[in-house]
Amino acid sequence: MESNYVEAIERIMGYLGVKTLTVSYLERRDYAHRPSSKSAFNALYPIRMRDLRKKVRPGKALSRDQIPNMLRLMLRNALYAELESKVNESDEEYRFKVFFGYDYMMGVHSVIDLSPLRDELLRMDMYLES
C-alpha cells in the first residue's frame, strides 16, 4: 500500500509538471530516549533513508530521486513533514502541497484541479476528494 501513496504523488507531480518539492515544515522523531528504537531504525532502513532523515531540514528542496524515500519516512512516522512546490520561492502561496495525517490520511492541496486524475488514482485505491 505504501507504494501506492508514493506512486500517487509521483503521478500528481507529473501531471502538475512539478520537478522538486521543498520541505516547508518538519518534525523529527527523537530516538535519544530509546536507544533500542534508534538501533532498530538503523537496522531496518537503507543508508539513503537514514541519511535523508538525518540531513533533511526545512527549506530543503528534494529531488525526484529523494521524494519517494522522504514520503516513506513520513508514512512510517520517522518524521512529520509538509512538502510543497511554489511557482517562485518568494511566493507566499504554494501550487502543490502534500502531508500525511493520522491513519495514513494523505493531504494533497493544489491550485490546479486534479479531478482528471480521479480514475487513475482510484485504480491505485487512492480517493480524490474535491
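In this text, all values refer to a predicted model and were calculated from it rather than measured experimentally.

Colleague: I tried to follow the overall build of the protein chain on my own but got confused; where do I start?
Modeller: Looking only at helices and strands, one finds five helices and five strands in the protein chain. In the protein chain, the order of α-helices and β-strands from amino to carboxyl end is α-β-α-α-β-α-β-β-β-α. For the protein chain, the proportion of its 130 residues judged to be buried stands at 38%. Relative to all contacts within the protein chain whose residues are 6 or more apart in sequence, the contacts with residues 24 or more apart total 61%.

Colleague: Help me out: how do you make sense of the environment of Gly-59 in this one?
Modeller: With respect to the element layout, Gly-59 can be found in the loop between helix H3 (47-55) and strand E2 (61-62). For the pair Gly-59 and Val-23, spaced 36 residues apart in sequence, the C-alpha separation works out to 5.2 Å. Excluding anything up to four places from it in sequence, Gly-59 contacts Thr-22 and Val-23.

Colleague: Can you help me understand the nonpolar core in this one?
Modeller: Nonpolar side chains in soluble globular proteins tend to end up buried together. Counting residues in hydrophobic clusters, the biggest one holds 36 residues, and the most contacted among them are Met-70 and Leu-83. Looking at this core element by element, the count peaks at seven residues for helix H1 (residues 2-16). Setting aside anything within four residues of it in sequence, one finds Met-70 in contact with Val-23, Leu-26, Leu-52, Val-56, Leu-62, Leu-79, Ala-81 and Leu-83.

Colleague: What exactly am I supposed to notice about H3 here?
Modeller: Within an α-helix, residues lying three or four positions from one another point in the same direction, as the helix has 3.6 residues per turn. Those residues of H3 that sit buried are Met-49, Leu-52 and Arg-53. Looking straight down H3, one finds its buried side chains confined to an arc of 100°; they lie on one side. Among the exposed residues of H3, those oriented more than 90 degrees off its buried face are Lys-54 and Lys-55.

Colleague: How should I be thinking about the layout of surface pockets in this particular structure?
Modeller: Rolled over the atoms, a probe sized like a water molecule indicates the empty space that remains. Taken as a whole, the largest pocket encloses approximately 480 Å³ of empty space. Lining the largest pocket are 22 residues, and of these Met-106, Val-108, Tyr-127, Leu-128 and Glu-129 sit closest to its centre. Contributions of two or more residues to the lining of the largest pocket are made by H1, strand E5 (106-110) and helix H5 (118-122). Considering each element in turn, the lining of the largest pocket owes the most residues, five residues, to E5. Classifying every residue of the lining of the largest pocket gives 13 nonpolar, five polar and four charged.

Thresholds, definitions, all that
Residues numbered from 1 in each chain as written. Predicted model: local features only at pLDDT ≥ 70, side-chain atom pairs only at ≥ 80, totals over all residues. Heavy atoms only, no water. Helix = DSSP H or I, 4+ residues; strand = E, 2+ residues; numbered from the N terminus. Buried < 20%, exposed > 50% of the residue type's maximum accessible area, 1.4 Å probe, protein only. Contact = heavy atoms within 4.5 Å. Core = buried A, V, L, I, M, F, W, Y, C linked by side-chain atoms within 4.5 Å. Arc of directions from axis to C-beta. 1 Å grid on protein atoms, 1.4 Å probe; cavity = no way out; pocket = protein on both sides within 12 Å on 5 of 7 lines; lining within 4 Å. Points joined across faces, edges and corners; volume = space filled by probe spheres on them. Nonpolar A, V, L, I, M, F, W, Y, C, P; charged D, E, K, R; others polar.

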